[in-house]
Amino acid sequence: LQYLLARESSESVKVVLSGEGADEIFGGYPWYLYDKLARPFNQLPVGVQDLVTPMLPIPRLWRLRLKKLAQVPVAMGMERFAALVSRTERDLFDRVVSEDLKRSAGSGDDNENEFRYPEDYYRWTAFEQMQYLEIKTRMHDYILHSLDRSSMAQSLEARVPFLDHELVELCAGIPPALKMRGWREKYILRRAFESVLPGEILARRKRGLMAPSGAWLKRRDLPWVDDMLSPGAVRSKGYFNAAEVTRILEAHRSGKRDCASVLMSILSVQVWDDLFVKGFRT
């Protein structure tokens, strides 16, 4: 989606301003709210959590989030951060990845030990800790990386004014209570633009720039998707467990489980293999 947006923009301009960085420095992502809601709940005994969860007047997705966060430490480390950010359960990835790929890639269990936290990290609030992990991991490895690839592929220069180092340093000193007031994310940023933006924009809930991959993968009239995810194609490339891919594809299409994230990851690897690896083999 970002690639298509860059392509359209490049038809009329050569430089654009992007909002990347605002969610990181103001705590605008939905998982800041998830953690705020779940933190007191996760400190209850597991038996009490199991008893109370079905009675909570919240959407089913939030109940699943609570259950997922109950399985990781309350302290904000890489394990809790990953559980908050990821849309897909770790066990689903574990089942779908082939044994050969697991052996060649290693377990990845050392990530927590390899990450270096600042000396005073554990004196920060959970909100501030999450911001730090966000900036040190997802922002440069995923958010900015994706922006650069999408824009430069179209010879478009994308600039990120929210990541001006002076603004980032200023925002680092703003108390979390001003970044999230109640359940309202980016509160202080909304207040700062009250005289500039219309009220409906200021009050609008956050919406990410996401392609409708979940609905798209439920369609059964996309032969190339079925071909790429067929047992024969999956086995021939060797990255994934063919039976498990078929199972989660059917679970997603039947509405039993939202597997869009992991299915798009699988499909991307399958296409990548066809475009690049297979080309070198032939």
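Placed above this text is the structure.
On a predicted model such as this, the values are computed, not experimentally measured, just so you know. (Residues numbered from 1 in each chain as written. Predicted model: local features only at pLDDT ≥ 70, side-chain atom pairs only at ≥ 80, totals over all residues. Heavy atoms only, no water.)

(A) Fine view of the nonpolar core. Counting 25 residues, the largest nonpolar core has Trp31, Tyr32, Met76, Leu84, Met130 and Leu133 as the members making the most contacts within it. The element best represented in this core is helix H3 (residues 30-42), accounting for six residues. Look past the residues within four positions of Leu84 in its chain and what remains in contact with it is Trp31, Tyr34, Asp35, Arg65, Leu69, Met76 and Met130. With 22 residues, the next largest nonpolar core counts Val97, Ala242, Cys259 and Val262 among its residues. (Core = buried A, V, L, I, M, F, W, Y, C linked by side-chain atoms within 4.5 Å. Buried < 20%, exposed > 50% of the residue type's maximum accessible area, 1.4 Å probe, protein only. Helix = DSSP H or I, 4+ residues; strand = E, 2+ residues; numbered from the N terminus. Contact = heavy atoms within 4.5 Å.)

(B) The arrangement of unusual backbone geometry in detail. A positive phi angle, close to 55°, is found at Ser155, a residue other than glycine. Assignment of secondary structure puts Ser155 in the loop between helix H10 (126-152) and strand E2 (157-159). With phi around 50°, Lys186 is a residue other than glycine that occupies positive phi space. Assignment of secondary structure puts Lys186 in the loop between strand E4 (184-185) and helix H13 (187-192).

(C) Just the environment of Met264, in detail. Relative to the helices and strands, Met264 resides in helix H19 (residues 260-281). For Met264 and Ser213, which are 51 residues apart along the polypeptide, the C-alpha to C-alpha distance reads 7.5 Å. Those residues within four positions of Met264 in sequence are excluded, and the remaining contacts are Ser213, Trp216 and Leu217.

(D) Up close: helix H18 (residues 242-253). Taking 1.5 Å of rise per residue, 12 residues should cover 16 Å, and H18 covers 17 Å from first to last C-alpha, within 8% of that figure. Every buried residue belonging to H18 is among Ala242, Glu244, Val245, Ile248, Leu249, Ala251, His252 and Arg253, and all of these are buried. Near the N-terminus of H18, the side chain that reaches the backbone nitrogen of Ala243, with its oxygen 3.1 Å away, is that of Asn241. Backbone geometry just downstream of H18 places Gly255 in the positive-phi region, at approximately 85°. (Expected span 1.5 Å × (residues − 1). Polar contact = N/O pair within 3.5 Å; in protein donor to acceptor, adjacent residues only side chain to side chain.)

(E) Geometry of the pattern of salt bridges. Taken as a whole and judged by the stated rule, the model has 16 salt bridges. For Glu157, the salt bridge goes to Arg159, with nearest N and O atoms at 2.9 Å. Exposure remark for Arg159: the relative accessible area of 44% places this residue in the partly exposed category. Among the charged side chains, a network of salt bridges with common partners joins Asp23, Lys186 and Lys206. (Salt bridge = Lys/Arg side-chain N within 4 Å of Asp/Glu carboxyl O.)

(F) Geometry of the packing of helix H1 (residues 2-9) against H10. The geometry of H1 relative to H10 is characterised by a closest axis approach of 8 Å and an angle of 40° between their N-to-C directions. The angle between H1 and H10 falls in the class oblique. Viewed along their axes, H1 and H10 form a crossing whose handedness is right-handed. Listed contacts from H10 to Gln2, Tyr3 and Ala6 of H1 are Ser146, Leu147, Ser150 and Ser151. For the contact of H1 with H10, the per-class residue count stands at three nonpolar, four polar and no charged. (Axes fitted to C-alpha atoms, helices over the stretch in contact; angles between N-to-C directions. Parallel < 35°, antiparallel > 145°, perpendicular 65-115°, else oblique. Left-handed = near helix turned anticlockwise from the far one by under 90°. Nonpolar A, V, L, I, M, F, W, Y, C, P; charged D, E, K, R; others polar.)

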